[in-house]
Amino acid sequence: MSDFKRCYMYNEDMDSLAQKLEAEGRGLKDLLGGKGSNLCLMTNAEIPVPPGFTITTDTCIEYVETGELPAGLEEEVMASIEKLEQWVEKNIGNPDNPLLVSARSGSKFSMPGMMDTVLNLGMNDEVAAALVELTGDERFVWDAYRRLIMMFGNVVRGINRELFEQCLDEVKQEEGVTEDVDVSSEGLKQVVEREKQVYKQHLGEDFPTDPATQLFATIRAVFSSWDNDRAIAYRELNGIPHDLGTAVNVQTMVFGNLGEGSGTGVAFTRDPATGEREIYGDYLVNAQGEDVVAGIRTPVPISDLEERMPQIYAEFADICEKLEQFYHDMEDVEFTVEQGKLWMLQTRDGKRTARAAVRIAVDMVHEGLITEEEAVMMVDPDQLDQLLHRQFNPEAKPEAVAMGVAASPGAAAGEVVFTSERATEEAQAGNRVVLVRHETSPEDIRGMAASQGILTMLGGKTSHAAVVGRQMGKPCVVGCSAIDIDYGTKQFTVNGQVVNEGDYVSIDGTTGEVMLGDVDTVDSDIIQVLRGELEPEQSEDYQYFAEFMPWAGKIRKLGVRTNADTPEDATLARTLGAAGIGLTRTEHMFFGEDRLLNFQKMILSDSEQAMTEAANALLPYQRDDFYGILKAMDNLPVIIRLLDPPLHEFLPKDAESIQAAAQVSGKTPKEIRDIAANLHEFNPMLGHRGCRLGVTFPMIYKMQVRAIFEAACQLEKEGYNPVPEVMIPLVGILGELEILRGYAEEVAQEVMDEQGVEFEYVIGTMIEIPRACLVADDIARIADFFSFGTNDLTQMAFGFSRDDVEGKFIPAYIEQRIIAVSPFESIDRDGVGELMRMAVEKGREANPDLELGICGEHGGEPRSVHFCHEIGLDYVSCAPLRVPIARLAAAQAQVENPR
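In this text the structure is predicted, and so the values were computed from the model without any measurement.

Draft legend 1. How the structure looks around the overall build of the protein chain. Looking only at helices and strands, one finds 37 helices and 33 strands in the protein chain. Expected size for 899 residues packed as a compact globule is a radius of gyration near 29 Å; at 32 Å, the protein chain falls within 12% of this value. Out of the 899 residues belonging to the protein chain, those deemed buried represent 57%. Sequence-distant contacts in the protein chain: of pairs separated by 6 or more residues, those separated by 24 or more amount to 69%.

As structure tokens, then:
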């Protein structure tokens, strides 16, 4: 499958390997995973890393495909073990000088906690006895041994972890202690024996004592964890491909549980919540790494290490500085102090909030560490959505009933749920929920995604809930020890108050506050500044955002417009950087009470004359609508789509509405029901709508065009510069556009003659039918622009009805890997994308001046924006609050694929 070795030692020459990979269009992370490549690079840079080696991601892919370890792998692993033994001058399984190792996952993209790890491999009774002699620390040895049995039994053999935890809890109860660190060495020895019994009772065999057996069983388990439920869910949530595989890192164990001079921690080189330039993290004395990450014990701030071990902290801070200089990014590091010696266990680019991402990018440019272009590439476009999140209304915010650790910013309120499954069920039913747990684990990933926010009783700033919450943009409060959760009764108590499942709770992930009830929220600082409700100097978030976004504007080539149907939305989008409107939907404008009755009167008319009169009654409403939008976008293009939905959607359905329509139309309720039945269509999406309405009922389109041009003429007279662009929807046949363009030009000229005003305008069409892509060259000869309506184009290309398929089988298709992502979420490049590419090429060949854009929901989705950049569109258009996301994605597309 690959020309590369299956195992690479950390101290091998990475430069030559990188060059060899580059020739194949790959990088170190593709082969060694993020963790493995970083450990190799740190070792090469002489940073203190426990020696080890990495088994490649290619090997994992082979294992996943066949279910068997590839031929020759065992020999290569044992040869690497032999090199490792020579490196550290210890031997695995040798009681005279024993070597213990860990086996950890590590894919190309960081997936914290989603795959498996086993520590202390190589431990058995004989080695344990020898280590007691060597270290003189019996407690440490038995603690390490009981952790191995628990992790191996759970991760490798699938025994419930709680059964092993129960062994420890029983001994703690017998000894009358509450903390793990207070259990005696004899007590831990008892835990080991009880865990062995649990192992044998469940599997019918003894815990394996052979180190090689332990190691290869763990390698299989780590490879298999690539396809566990939580890893699959995480990849689906974060758009990570399923075919990358994970590496396995086999690394010499270093121990943070060797007494008061040892410890372990997780830290970020900058604050991942705010971006402030200070080391941020957690530390535990006399503990192993899983205690911090899993939230098993609530750690102390990293500043405690500076007080306890100032020299170690100074060395650690220096390494953090070097890592930022090397990677040009904020790093997330794990470390262990073993009897006064610092070891770096891993580094990776740190997950961070949107607020932190923008601040770190701007600060690093100021520090001279990165360029503006590099800064633009550091921020995930989707994260910008977090910056525009609503916050709690300070005037409605009640006193907090508890305080926890502020782990991921934002305001969240919802009904209390205690399980991931319940969170998912309630969210699917349309309810807002807050997931409340002792601590979260990787198994909770779906429930976390479904929740508005996350509240945990245990854990610190680098616990699972905190890290994943920040990445998802979910408000999160952890380590809230004031709450006492009882899963059995489905309730928690706080300060004497009982909160049941289904009661409302509100959490502030920015402050750590926990409040009872459903607290009201307000717009973010940035939105308040843009609306003039707050001064710029009052919002640090706005100041960083305002400096960062113009860098994206300078870099990108792809324009960004907005979809807006009101002057308010248009104004907001313009302040966020929209360069015009790519879609104004006129059908939304008919749903005001008076307007709707007039529109119904038009539909119910018996003659063309009556219909025309009713349409003209709507003219003043439409003119006012267009006036406000064109004025808000003065000097910028505004594409206005003529009526698209079928007429039956506007007719009344309930008795009261039918009676009201009868009064204005002169029809009886029965006649109205008969007309509605006659207009009903079995498949409205493919029926009498769009340009087909314009052809059969031209008075509707003529009224709308007149309203557009009367509004534009009025603005011209007032000194504005309106730039109207008329969109005719659903064209698939050249003749449709010929007829309707003729009507539009005739009305436009008529209005301009009446008003004594002349100005430029354009007429184009929405490309949303596959046939339109196939004959795009014909259509382009008389169209000034194409705007891709990718929602309908996707439905018609796949033969999907979106409203039906999204909930019925798309999730199953994704789960079974028939498709990687819903085509309604991200453009289907292979099918719909090829239709778009064809239309672009044919259209531009026939009309080199043809303006090309997209106005479907895909216009604000980063992967789709990249595709639109690649095929040469002029702009994308999206909802107002997605405009910054599209602008940043367009800049990143230009950096990665210049045009």
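Draft legend 2. Structural view of the nonpolar core. Core analysis: the biggest nonpolar cluster contains 137 residues, and M836 and L873 have the highest contact counts within it. With twelve residues, the top contributor of residues to this core is helix α28 (residues 698-717). Each residue touching M836, except ones within four places of it in the same chain, is listed here: F788, T790, L793, I827, I854, F867, I871 and L873. By size, the runner-up hydrophobic cluster in this structure holds 82 residues, among which are L84, L100, F216 and L244.

Draft legend 3. Seen up close, the pattern of salt bridges. Counted by the stated rule, this structure contains 63 salt bridges. Among the salt bridges present, the one from R817 reaches D227, with a minimum N-O distance of 2.7 Å. Remark: D227 occurs in the loop between α9 (211-224) and α10 (229-238) and R817 occurs in the loop between α34 (810-815) and α35 (832-846); sequence separation between them is 590 residues. Residue classification places R817 among the partly exposed residues on the basis of a relative accessible area of 36%. Overlapping salt bridges, with partners in common, bring together E587, R641, D644, R689, E768 and D792 in one network.

Draft legend 4. Helix α13 (residues 310-327), seen in detail. Its 18 residues give α13 an end-to-end C-alpha distance of 26 Å, which sits within 8% of 26 Å, the value for a rise of 1.5 Å per residue. Tucked into the core, α13 has its buried residues touching α2 (28-44), β8 (263-268), α12 (303-308), β11 (331-338), β12 (341-349) and α14 (354-366). Count one or two residues on from α13 and you reach H328, which has phi positive near 55°.

Draft legend 5. Geometry of the packing of aromatic side chains. Evaluation of the coordinates by the stated rule reveals 19 aromatic pairs. When the centroid spacing of 4.5 Å and the interplanar angle of 45° are considered together, the rings of F316 and F335 count as tilted. Pair noted here: F316 is in helix α13 and F335 is in strand β11, with a separation of 19 residues, a long-range link. We note that F316, like F335, is buried. Both rings, one in F418 and one in F492, keep their centres 6.5 Å apart while their planes meet at 80°; by these two values the pair is edge-to-face. Remark: F492 occurs in strand β21 (residues 491-494) and F418 occurs in the loop between β16 (411-417) and α17 (420-428); sequence separation between them is 74 residues. The same class applies to F418 and to F492, which are both buried. The structure contains a cluster of three or more aromatic residues connected by ring pairs, namely F798, F800, F809 and Y813. A cation over a ring is seen here: K20 above F4, with NZ or CZ 4.7 Å from the ring centre. The side chain of K702 reaches across the aromatic face of Y743, ending 4.6 Å from its centre.

Draft legend 6. The packing of α14 against helix α21 (residues 540-555), seen in detail. Here α14 crosses α21 at 65°, and the two axes come no closer than 9 Å. When you trace α14 past α21, the crossing you get is left-handed. Residues R355, V358, R359, A361, V362, D363, V365 and H366 of α14 form the contact with α21, whose own contacting residues are E540, D541, Y544, F545, E547, F548 and W551. When grouped by side-chain class, the residues that make up the contact of α14 with α21 number eight nonpolar, one polar and six charged.

Draft legend 7. Expanded view of the pairing of strand β30 (residues 762-767). Within β30, five of the six residues are buried, which leaves the element mostly enclosed by the surrounding structure. Bridge count for strand β29 (residues 723-728) against β30 is four bridges, and the pairing is parallel. Counted as the bridge partner of V726 is I763 from β30. With respect to chirality, the unit in which β29 leads through helix α29 (residues 734-755) into the neighbouring parallel β30 is right-handed.

Draft legend 8. How the structure looks around the sheet that holds strand β32 (residues 851-854). Taken in spatial order, the eight strands close into a barrel running β26-β27-β28-β29-β30-β31-β32-β33, and their pairing is parallel. Neighbour-to-neighbour, the strand axes of the sheet open up by a mean angle of 30°, direction not taken into account. The pairing of strand β28 (residues 637-641) with β29 spans five bridges and is classified as parallel. Opposite I640, over in β29, you have V726 as the bridge partner.

Draft legend 9. Quick peek at helix α22 (residues 567-575). The set of residues buried in α22 consists of A570, L572 and A573. All buried residues of α22 lie within an arc of 165° about the axis, which places them on one face of the element. Of the surrounding secondary structure, the elements contacted by the buried residues of α22 are α20 (525-530), β26 (559-563), β27 (581-585), α24 (608-632) and α37 (883-896). Positive backbone phi, approximately 110°, marks G577, located one or two places after α22.

Parameters and conventions
- Residues numbered from 1 in each chain as written.
- Predicted model: local features only at pLDDT ≥ 70, side-chain atom pairs only at ≥ 80, totals over all residues.
- Heavy atoms only, no water.
- Helix = DSSP H or I, 4+ residues; strand = E, 2+ residues; numbered from the N terminus.
- Rg over C-alpha atoms; globule rule 2.2 N^0.38 Å.
- Buried < 20%, exposed > 50% of the residue type's maximum accessible area, 1.4 Å probe, protein only.
- Contact = heavy atoms within 4.5 Å.
- Core = buried A, V, L, I, M, F, W, Y, C linked by side-chain atoms within 4.5 Å.
- Salt bridge = Lys/Arg side-chain N within 4 Å of Asp/Glu carboxyl O.
- Expected span 1.5 Å × (residues − 1).
- Phe/Tyr/Trp six-rings, centres within 6.5 Å; stacked < 30°, edge-to-face > 60°.
- Lys NZ or Arg CZ within 6 Å of the ring centre and 35° of its normal.
- Axes fitted to C-alpha atoms, helices over the stretch in contact; angles between N-to-C directions.
- Left-handed = near helix turned anticlockwise from the far one by under 90°.
- Nonpolar A, V, L, I, M, F, W, Y, C, P; charged D, E, K, R; others polar.
- Pairing = 2+ DSSP bridges.
- Right-handed = clockwise from strand over helix to strand, strands pointing away.
- Arc of directions from axis to C-beta.

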